[in-house]
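Each chain, letter by letter, is given below.
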Amino acid sequence: KLSSRTAYKNPWIRIREDHVIQPNGEKSIYGLLEGKEYVMVIPRLAPNTFCMIEQYRYPIKQLSLEFPAGGLKKDETVIDALNRELQEEAQLYANKLTKLGRLDIGNNFTNMHYYVYLADDVTPAPKKPHDPSEGEINIRTISFAEIKKGIKDGIIKDGQTVAAFGLFLLNQ
């Protein structure tokens, strides 16, 4: 890296422009989106029944069906973040969490990654307020077959959710 400057920054992300020398020796500029680590949890309510959330996503101007997810807060462990997001977004508590993997969001433009866990033996949790900037969150109970069909038919198209479901399938 020859030089670096922050082009934009807010509490969630930073966009950095780096002047670099590529492995082939060519000079170029590279835009990089930096953000917090985050978690995604797949709540399994029964052997073939899952919990997903539906919320409006401003960048695509539509509702999105996803697994609960969110960023780690300062000094928060992955497990604490998983339990917090599960409670805030799905009003559930997991008695058993199984790590399915760690995924990069898009290594061609960001260093962001997330941890995917399966939540089993879930029980109802008291409603906990979520970040108001996320808007209204609708909790949906959905079958394994509906998730597969939703992905195939383009109803479930959030890339992180689809990748997390792929990890789930590989771990079965």
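Residues numbered from 1 in each chain as written. Predicted model: local features only at pLDDT ≥ 70, side-chain atom pairs only at ≥ 80, totals over all residues. Heavy atoms only, no water.

(A) Inspection of the packing of helix H2 (residues 144-152) against helix H3 (residues 159-170) at higher detail. Two numbers describe how H2 lies on H3: the axes approach to 12 Å, and their chain directions differ by 130°. In terms of orientation, H2 and H3 fall into the oblique class. Taken as a pair, H2 and H3 cross one another with a handedness that is left-handed. Mapping the contact onto sequence places Phe144, Ile147, Lys148 and Ile151 in H2 and Val162, Phe165, Phe168 and Leu169 in H3. Across the contact of H2 with H3, the residue classes break down as seven nonpolar, no polar and one charged. (Axes fitted to C-alpha atoms, helices over the stretch in contact; angles between N-to-C directions. Helix = DSSP H or I, 4+ residues; strand = E, 2+ residues; numbered from the N terminus. Parallel < 35°, antiparallel > 145°, perpendicular 65-115°, else oblique. Left-handed = near helix turned anticlockwise from the far one by under 90°. Contact = heavy atoms within 4.5 Å. Nonpolar A, V, L, I, M, F, W, Y, C, P; charged D, E, K, R; others polar.)

(B) Region of interest: the nonpolar core. Of all hydrophobic cores here, the largest spans 21 residues; its most connected members are Ile42, Val116 and Ile147. Elements supplying a minimum of two residues to this core: strand S4 (38-46), strand S5 (49-57), strand S8 (92-104), strand S9 (113-124) and H3. With four residues, the top contributor of residues to this core is H3. In this view, Ile42 contacts Phe50, Phe67, Leu100, Val116, Tyr117, Leu118, Ala119, Ala164, Phe165 and Phe168; residues no more than four positions away in its chain are not counted. Within the second largest apolar cluster, 15 residues are counted, among which are Leu72, Val78, Leu92 and Tyr117. (Core = buried A, V, L, I, M, F, W, Y, C linked by side-chain atoms within 4.5 Å. Buried < 20%, exposed > 50% of the residue type's maximum accessible area, 1.4 Å probe, protein only.)

(C) The arrangement of unusual backbone geometry in detail. With phi around 65°, Asp75 is a residue other than glycine that occupies positive phi space. Mapped onto the secondary structure, Asp75 falls in the loop between strand S7 (69-71) and helix H1 (78-90).

(D) Representation of the environment of Ile13. Along the chain, Ile13 turns up in strand S2 (residues 13-21). Residues in contact with Ile13, not counting those within four places in the same chain, are Tyr8, Leu33 and Glu34.

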